[in-house]
Amino acid sequence: MTLADLPAARDHAAAPASAAPLDAAADPADDLTVWPHSTTRLPHGDLSVGGVALTEIADRFGTPAYLLDEADVRDRCRTYLHAFPNADVLYAAKAFLCRAMAHWVAEEGLGLDVCSAGELELAVTTGFPADRIVLHGNAKSPQDLHAALRLGVGRIVIDSASEIARLASAVPHGSRQKVLVRVVPGIAAGGHSKIRTGTEDQKFGLSITDGSAQHAIARILDQPGLELVGLHCHLGSQITTDKPYLCAVRRLVGLMARIKEHHGITLPELDLGGGHGIAYRPGEDALDITTLARKVRTELAESCAAAGLPVPRLVVEPGRAIAGPAGVALYRVLSVKRTSERTFVAVDGGMSDNPRPALYGVRYLPRLIGRRSTAAPATVTVVGRHCEAGDVLATDIQLPGDTHPGDLLAVPVAGAYHLSMASGYNLVGRPPVVAVEGGHARLLVRRESLEDIRSRDVGL
Ligand SMILES: Cc1ncc(COP(=O)(O)O)c(C=O)c1O
Ligand SMILES: N[C@@H](CCCC[NH3+])C(=O)O
């Protein structure tokens, strides 16, 4: 039975229960493997994350809302540090940043990858040590570069030829800024064509193949204000096999060997970027961090030995794999509409807080929270509230057939690239972020209010 079999109603507020109970074991949405580690089932179809019931969070903070399991974030930071000893692990702030996140990551001993003066400002004013911060960006603004130099970031990653002179002239006379060069290794990897950045035909980095990387390196070495300390590459995002990383190690070590040959210098750092893939639904592939780390270390040692180079310090920059699985999005159902083609369950958020399904066709698995339904599962499409037909959060998923306005839906794996990519579309206001930990919930980022929206407008 599907919702289309239920009595016709455009916004169906009644909850017609069907005879067949929802079989928890057969329902993929009832599988908690992609939820934060602390997630447990509560009576009446509720879930607890960080010791707090999701229904309680919805009641206290309203919907839509995002929650982050602090212990889960910290655990994932520790997993990285353990898997990559003697390496620098930088959390990629673009996945999600707020003051608390910066604080947790700093406390756990990670560094930070930022790509704007805004991310940098937020981190440093939270007390993040600037020397553990790396600035990225294919088109860094003068403001970005000046903020980085003023605050004393540890590394700036040069991404283009034109950046060399701009940066060199901004470095105060008599001082030196440590830099890396972002190279394009010519490797295709990543979960979607829009997030592959290791191939030749894209906007990031300097190609090894056409010689632009080597040319840039020679120019950097001529700048007294710049100290070249290593090479960087970022292959792309949502990569679920380790082979591309091993290939990148070989290519970058090959370039390091040529740099030594031509310039007589040995670069001490090799930054492999991030991109470590995670599962958004039970059963999906994810990159195993411990295996990746072991294989990368072995490959690095062997490639360096073959090239006659000392092993450089390894750097990795995971974003999604730290923040993603620790986050949950909560939505309230506002309407249910049935057509001959499909049933639309519309919620109070959408593409303004999660553009990922529209951008990359990502398949989320929302779950009904707060009541245990005895209705048979129905195939539905969960859509947002925006003025756009492509505003879809989950296509053809199973929800109880009696899902109705007022119900709560929870979406796991919502911690990365949701709020950091949130927009002001339709001026609905960005949702709040709530931390859960040890049975307590606390507000980290407040909901964008009507007053916030009104007060940005300063002229007629
Ligand atoms: C330079 C750089 N480092 C790290 C990351 C983090 O990627 P992910 O969140 O996929 O680990 C990105 C984004 O893809 C990036 O552009
Ligand atoms: N924003 C993308 C990934 C790109 C990450 C930044 N280079 C996502 O949501 O998956």
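Residues numbered from 1 in each chain as written. Chains lettered and ligands numbered in written order. Predicted model: local features only at pLDDT ≥ 70, side-chain atom pairs only at ≥ 80, totals over all residues. Heavy atoms only, no water.

- Labelled according to an unreviewed UniProt entry, the chain appears under the name Diaminopimelate decarboxylase, originating from Streptomyces spectabilis.
- Under the Pathway (unreviewed entry) heading, UniProt states for the chain: "Amino-acid biosynthesis; L-lysine biosynthesis via DAP pathway; L-lysine from DL-2,6-diaminopimelate: step 1/1."
- What UniProt records for the chain under Catalytic activity (unreviewed entry) is the sentence "meso-2,6-diaminopimelate + H(+) = L-lysine + CO2". (UniProt positions renumbered as here; feature names shortened; annotations may be inferred.)

## Details of the pairing of strand E21 (residues 440–445)
Regular strands place side chains that alternate from one sheet face to the opposite one.
Here's step 1: Both strand E20 (residues 433–437) and E21 contribute to a ladder of 5 bridges, which runs antiparallel. Residue Val433 lies in a different strand from E21, and its bridge partner there is Val445.
Here's step 2: Between E20 and E21, which follow one another and run antiparallel, lie 2 residues, and Gly438 among them has a positive phi close to 55°. (Pairing = 2+ DSSP bridges. Helix = DSSP H or I, 4+ residues; strand = E, 2+ residues; numbered from the N terminus.)

## Thoughts on the environment of Asp75
Here's step 1: Examined against the element boundaries, Asp75 turns out to sit in helix H2 (residues 70–83).
Here's step 2: On the basis of relative accessibility, which here comes to 34%, the residue Asp75 falls in the partly exposed class.
Here's step 3: Measuring from C-alpha to C-alpha, the distance between Asp75 and Ala326 comes to 9.7 Å, with 251 residues separating the pair along the chain. (Buried < 20%, exposed > 50% of the residue type's maximum accessible area, 1.4 Å probe, protein only.)

## Re the site of ligand 2
Here's step 1: Contacts to ligand 2 come from Lys94, Ile195, Ser237, Arg320, Arg356, Tyr360, Tyr417 and Met421.
Here's step 2: Contacts to ligand 2 include Arg356, whose side-chain N or O atom sits 2.5 Å from an oxygen atom.
Here's step 3: The side chain of Tyr360 places a nitrogen or oxygen atom 3.0 Å from a nitrogen atom of ligand 2.
Here's step 4: Here ligand 2, which alone exposes 310 Å², has 82% of that area covered by the protein.
Here's step 5: Across the shell around ligand 2, the residue classes break down as 4 nonpolar, 1 polar and 3 charged. (Near = heavy atom within 4 Å. Polar contact = N/O pair within 3.5 Å; in protein donor to acceptor, adjacent residues only side chain to side chain. Areas by Shrake-Rupley, 256 points an atom, 1.4 Å probe, with all protein chains shown as cover. Nonpolar A, V, L, I, M, F, W, Y, C, P; charged D, E, K, R; others polar.)

## Description of the environment of Met256
Here's step 1: Turning to its location among the elements, Met256 is positioned in helix H8 (residues 243–263).
Here's step 2: You can call Met256 buried: its relative accessible area is 4%.
Here's step 3: Measuring from C-alpha to C-alpha, the distance between Met256 and Ile164 comes to 19 Å, with 92 residues separating the pair along the chain.

## Quick notes on the pattern of salt bridges
Here's step 1: Scanning the entire structure with this criterion turns up 22 salt bridges.
Here's step 2: A salt bridge links Asp72 to Arg76; the nearest nitrogen and oxygen atoms lie 2.5 Å apart. In this pair, Asp72 and Arg76 both sit in helix H2, 4 residues apart, roughly one turn of the helix. Both residues of the pair, Asp72 and Arg76, count as buried.
Here's step 3: Where Arg182 meets Asp159, a salt bridge forms, and the shortest distance between an N and an O atom there is 3.9 Å. With Arg182 in strand E9 (residues 177–184) and Asp159 in the loop between strand E8 (155–158) and helix H6 (161–170), the pair connects residues that are 23 residues apart, well separated along the chain. The burial state of Arg182 is the same as that of Asp159; both residues are buried.
Here's step 4: Counted as one network, the salt bridges with shared partners bring together Glu70, Arg74, Arg78, Glu107, Glu108 and Arg442. (Salt bridge = Lys/Arg side-chain N within 4 Å of Asp/Glu carboxyl O.)

## Notes on the packing of aromatic side chains
Here's step 1: Applying the stated criterion to the full structure yields 2 aromatic pairs.
Here's step 2: Where Tyr80 meets Phe84, the ring centres are 6.2 Å apart and the plane angle is 10°; that geometry is what we call stacked. Of the two residues, Tyr80 and Phe84, neither departs from the other in class, the shared state being buried.
Here's step 3: Look at Tyr280 and Tyr364: their rings are 5.4 Å apart centre to centre, the planes differ by 80°, and that puts the pair in the edge-to-face class. Of this pair, Tyr280 sits in the loop between strand E12 (269–271) and helix H9 (289–307) while Tyr364 sits in the loop between helix H11 (356–360) and strand E16 (367–369); the two residues are 84 residues apart in sequence, bridging distant segments of the chain. For the residue pair Tyr280 and Tyr364, the accessibility class agrees, reading buried in each case. (Phe/Tyr/Trp six-rings, centres within 6.5 Å; stacked < 30°, edge-to-face > 60°.)

## Quick look at the state of the cysteines
Here's step 1: Inspection of every chain in the model, using the stated rule, returns 0 disulfides.
Here's step 2: No disulfide involves Cys233; its sulfur sits 9.6 Å from that of Cys247, the nearest cysteine.
Here's step 3: Cys304 forms no disulfide, and the closest cysteine sulfur to it belongs to Cys233, at a distance of 14 Å.
Here's step 4: Given the relative accessible area of 1%, Cys304 is considered buried. (Disulfide = S-S within 2.5 Å.)

## Some words on unusual backbone geometry
Here's step 1: Cis peptide bonds are those with omega within 30 degrees of zero, and the linkage from Thr63 to Pro64 qualifies with -10°.
Here's step 2: Within the secondary structure layout, Pro64 lies in the loop between helix H1 (54–61) and strand E4 (65–69).
Here's step 3: The phi torsion at Val413 lies on the positive side, around 60°, for a residue other than glycine.
Here's step 4: Here Val413 lies in the loop between strand E19 (408–412) and E20.
Here's step 5: Unusually for a residue other than glycine, Leu427 sits at a positive phi of about 50°.

## As for the side chain of Asp30
Here's step 1: Along the polypeptide, Asp30 turns up in the segment before strand E1 (40–41).
Here's step 2: Reaching out from Asp30, the side chain makes a polar contact with the side chain of Arg367 at a distance of 2.6 Å.

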